[in-house]
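Take a look at the letters that make up each chain.
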Amino acid sequence: MEILTALHNRVSKPRLVEPGPSEEQLAAIFQAALRAPDHAMLKPWRFLTIVGVGLERLGQLFADAAKQDQPDLSEEALNKYLGMPLRAPMIIVVICSPKSHPKVPEVEQVLSTGAATQNMLLACHGMKLGAMWRTGAMAYHAHVKAGLGIGTDELLAGFLYVGTPQGSIKRVPELNLTDFVQNWPLNKK
Ligand SMILES: Cc1cc2nc3c(=O)[nH]c(=O)nc-3n(C[C@H](O)[C@H](O)[C@H](O)COP(=O)(O)O)c2cc1C
């Protein structure tokens, strides 16, 4: 796929079914992640892949975390948490592991992790896989992070849901560049 076509047309695919990415596709996704811009080559990211029973265990982690916050949570709400990770055949957990560096503040490492995530979304798109970047309260919950082996000094940057897209694909919104781009100094061409 031509790169600008991919950049201009990628959309998130919330409805994802089997099959998930093949081994070759997964390797291509991670190769793309590892090409993210990365100040001082700190490689401030790491990834977990979760499939099958792992997705059920992640749902259990979500439900336990939610119950910790709200012990009287209804069964319906608990079932919702249990089912969340089952919305795709695979979840890639994106983790930012900031390194201490005199010239590279943490924010740059978080940005690099975001770029790695976008590279993965685009790699999926280029291979006609569907993907969606999700976080929500569970991404920041200490119980979930601990259960996934994510350190307190690390950031769970996202759950990347990946699979085969199902249903209609949403249209790319039309936005005006002039709403976002200005010449500087202002009023000068
Ligand atoms: C860091 C981050 C976290 C996000 N978390 C969620 C989320 O938890 N739930 C959700 O519906 N969308 C979430 N989104 C937005 C979607 O991934 C997606 O970008 C949005 O629905 C717009 O769709 P598009 O990617 O097709 O433009 C998140 C986006 C980012 C960058």
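Data block above holds the structure.
Residues numbered from 1 in each chain as written. Predicted model: local features only at pLDDT ≥ 70, side-chain atom pairs only at ≥ 80, totals over all residues. Heavy atoms only, no water.

1. Here's the deal with the site of the ligand
The local shell around the ligand consists of Arg10, Val11, Ser12, Met132, Trp133, Arg134, Thr135, Gly136 and Lys170. At a separation of 2.9 Å, an oxygen atom of the ligand approaches a polar backbone atom of Thr135. One of the backbone N or O atoms of Gly136 is found 3.5 Å from an oxygen atom in the ligand. Protein chains bury 55% of the 620 Å² of accessible surface belonging to the ligand in isolation. (Near = heavy atom within 4 Å. Polar contact = N/O pair within 3.5 Å; in protein donor to acceptor, adjacent residues only side chain to side chain. Areas by Shrake-Rupley, 256 points an atom, 1.4 Å probe, with all protein chains shown as cover.)

2. Thoughts on the pairing of strand β5 (residues 155-165)
Of all 11 residues in β5, 8 are buried; the element is thus mostly enclosed. As judged from the 2 bridges shared by strand β1 (residues 16-17) and β5, these two strands associate in the antiparallel manner. Across the sheet, Leu16 pairs through a bridge with Pro165, a residue of β5. Of the pairings in the sheet, the one linking strand β3 (residues 90-96) to β5 comprises 7 bridges and is antiparallel in character. Of the residues in β5, the one forming a bridge with Ile92 is Leu160. In terms of strand pairing, strand β4 (residues 130-134) meets β5 through 5 bridges, oriented antiparallel. From the neighbouring strand, Trp133 faces β5, where its bridge partner is Leu160. (Buried < 20%, exposed > 50% of the residue type's maximum accessible area, 1.4 Å probe, protein only. Helix = DSSP H or I, 4+ residues; strand = E, 2+ residues; numbered from the N terminus. Pairing = 2+ DSSP bridges.)

3. Quick notes on the packing of helix α2 (residues 23-33) against helix α5 (residues 106-126)
Orientation of α2 relative to α5, taken along the N-to-C sense of each, is 145°, at an axis distance of 7 Å. Read as a crossing pair, α2 and α5 show a hand that is right-handed. Only Ala116, Asn119, Met120, Ala123 and Cys124 of α5 make contact with α2, whose side of the interface consists of Ala28, Ile29, Phe30, Ala32 and Ala33. Residues belonging to the contact of α2 with α5 are distributed by class as follows: 9 nonpolar, 1 polar and no charged. (Axes fitted to C-alpha atoms, helices over the stretch in contact; angles between N-to-C directions. Left-handed = near helix turned anticlockwise from the far one by under 90°. Contact = heavy atoms within 4.5 Å. Nonpolar A, V, L, I, M, F, W, Y, C, P; charged D, E, K, R; others polar.)

4. Here we look at the pattern of salt bridges
Charged atoms that come close allow side chains of opposite charge to pair. Evaluated as defined, the whole model comprises 2 salt bridges. For Arg46, the salt bridge is made with Glu154, and the minimal N-O distance between the two is 2.9 Å. Residue Arg46 is found in strand β2 (residues 45-51), and its partner Glu154 is found in the loop between α6 (142-147) and β5; the two are separated by 108 residues along the sequence. Across the pair Glu174 and Arg171 runs a salt bridge, and its minimum N-O distance is 3.9 Å. The burial state of Glu174 is the same as that of Arg171; both residues are exposed. (Salt bridge = Lys/Arg side-chain N within 4 Å of Asp/Glu carboxyl O.)

5. Some remarks on the environment of Asn183
For Asn183, the position within the fold is in the segment after β5. According to the relative accessible area criterion, Asn183 is partly exposed, its value standing at 45%. A C-alpha to C-alpha distance of 48 Å links Asn183 and Leu61, two positions 122 residues apart in sequence.

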